[in-house]
Amino acid sequence: RAMADICNVSFYRLMTGKLKESEIKSIYDNSDTLHKIPLFYDESIELYTICSKIRKMAKNGVKLVCVDYVQIVRVSLNRNSTREQEISTISSTLKQLAKELNIVIIGLAQLLREIDKRAVKRPMISDLRESSSLESDADMIWLLYRPEIYKVSTWDSACDWEGQDTNGQMEVNVAKFRNGAPFQERVKFWGDHQRIFDYGTEAQYYNPVPNSGGVQT
């Protein structure tokens, strides 16, 4: 995904190996840039292992950590503990760690499936799985909404751009902002290249669905 964005190549063709000559050249030209970016990936899922590794990375200058995703993290409590209690422990532990190390920790979270049954698909804080602890611990909650995924062609009255085309766009709803006021922002999403642009940016619009291989104008 990072290579598709940085090297400006199709994510679908990159995953399938069906790269154009110009895309192969772009990968060679930008591979050194990608290599120098201080990105670290780790597939640990046990909470305290994750915390230990975050501490080590913070000593080496890491300032931003993304946990993808919170509900897949595991923590051992007593045998009678519920998943809600486990999520609460995970959430509070990550928050305390962020404060201790003075870094930013972003926890990605799943939404409940019930959202697909509603007429309006825009996510709400209550749609977060085991949301109570996540809601109380988070300093900010960002909810992402791409209406064209649900074949909604125009924006509704819940935003300031009602009636406008949704093609290749995403709504970023900052539903909780502990040190500020909640707000909504609209951005452009270029799915085939895994890239997000400011709304005012002029950019070609390719199919927003990764791995589709098609092109949409």
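Residues numbered from 1 in each chain as written. Predicted model: local features only at pLDDT ≥ 70, side-chain atom pairs only at ≥ 80, totals over all residues. Heavy atoms only, no water.

**Topic: the packing of aromatic side chains**
Any aromatic ring pair is given by two values, namely how distant the centres are and how the planes are angled relative to each other. On inspection of all chains with the given rule, the structure shows four aromatic pairs. Taken together, a centroid distance of 6.1 Å and an interplanar angle of 75° make the contact between Y145 and W155 edge-to-face. Of this pair, Y145 sits in strand 3 (residues 140-145) while W155 sits in the loop between strand 3 and strand 4 (169-177), and the two are 10 residues apart along the sequence. Members of the aromatic cluster, each reached through a chain of ring pairs, are Y145, Y150, W155 and W161. One Lys or Arg, R186, reaches over the ring of Y199 and ends 3.8 Å from the middle of that ring. (Phe/Tyr/Trp six-rings, centres within 6.5 Å; stacked < 30°, edge-to-face > 60°. Helix = DSSP H or I, 4+ residues; strand = E, 2+ residues; numbered from the N terminus. Lys NZ or Arg CZ within 6 Å of the ring centre and 35° of its normal.)

**Details of a nonpolar patch on the surface**
Among the surface-exposed residues, L64, V104, I106 and L108 lie close enough to one another that they form a single nonpolar patch of about 320 Å² accessible area. Inspection of the secondary structure assignment puts L108 in the loop between strand 2 (104-107) and helix 6 (131-137). (Patch = residues over 30% accessible without salt bridge, like charges linked within 9 Å, V, L, I, M, F, W, Y side chains within 5 Å. Areas by Shrake-Rupley, 256 points an atom, 1.4 Å probe, with all protein chains shown as cover. Salt bridge = Lys/Arg side-chain N within 4 Å of Asp/Glu carboxyl O.)

**Some thoughts on the confidence of the model for the protein**
On average, residues of the protein carry a pLDDT of 86, and 92% of them reach 70 or more. Across residues 208-217 the pLDDT falls below 50, and counting only partners more than four positions away or on other chains, this stretch makes 24 contacts in the model. (pLDDT = per-residue confidence, 0-100. Contact = heavy atoms within 4.5 Å.)

**Points about the pattern of salt bridges**
Between side chains of opposite charge, pairing is possible as soon as their charged atoms come close. The full count for this structure, using the stated rule, is 12 salt bridges. Note that D139 and K95 form a salt bridge whose closest N and O atoms lie 3.2 Å from each other. Remark: K95 occurs in helix 5 (residues 83-101) and D139 occurs in the loop between helix 6 and strand 3; sequence separation between them is 44 residues. Classification of D139 by relative accessible area gives partly exposed; the value is 36%. A salt bridge links R122 to D156; the shortest N-O distance between them is 2.9 Å. Taken together, the positions of R122 in the loop between strand 2 and helix 6 and D156 in the loop between strand 3 and strand 4 put the pair 34 residues apart, joining distant regions of the chain. Given a relative accessible area of 26%, D156 falls into the partly exposed group. (Buried < 20%, exposed > 50% of the residue type's maximum accessible area, 1.4 Å probe, protein only.)

**With respect to the nonpolar core**
Grouped burial of nonpolar side chains is what soluble globular proteins tend to show. L47, I54, V65, I90 and I105 are the most contacted members of the largest nonpolar core, which has 18 residues in total. For this core, the elements supplying multiple residues, two or more each, are helix 4 (47-59), strand 1 (64-67) and helix 5. When residues in this core are grouped by element, the largest group, five residues, is from helix 5. Excluding anything up to four places from it in sequence, I90 contacts L47, V70, V73, V75 and R83. (Core = buried A, V, L, I, M, F, W, Y, C linked by side-chain atoms within 4.5 Å.)

**A word on the sheet that holds strand 3**
Read across the open sheet, the four strands follow the order 3-4-5-6; overall the sheet is antiparallel. Looking at which strands have only one partner, the edges of the open sheet turn out to be strand 3 and strand 6 (195-198). The mean angle between the axes of side-by-side strands here comes to 35°, regardless of whether they run parallel or antiparallel. The pairing of strand 4 with strand 5 (residues 183-190) spans six bridges and is classified as antiparallel. Residue pairing for strand 5: V174 is matched across the bridge by F183. (Pairing = 2+ DSSP bridges. Axes fitted to C-alpha atoms, helices over the stretch in contact; angles between N-to-C directions.)

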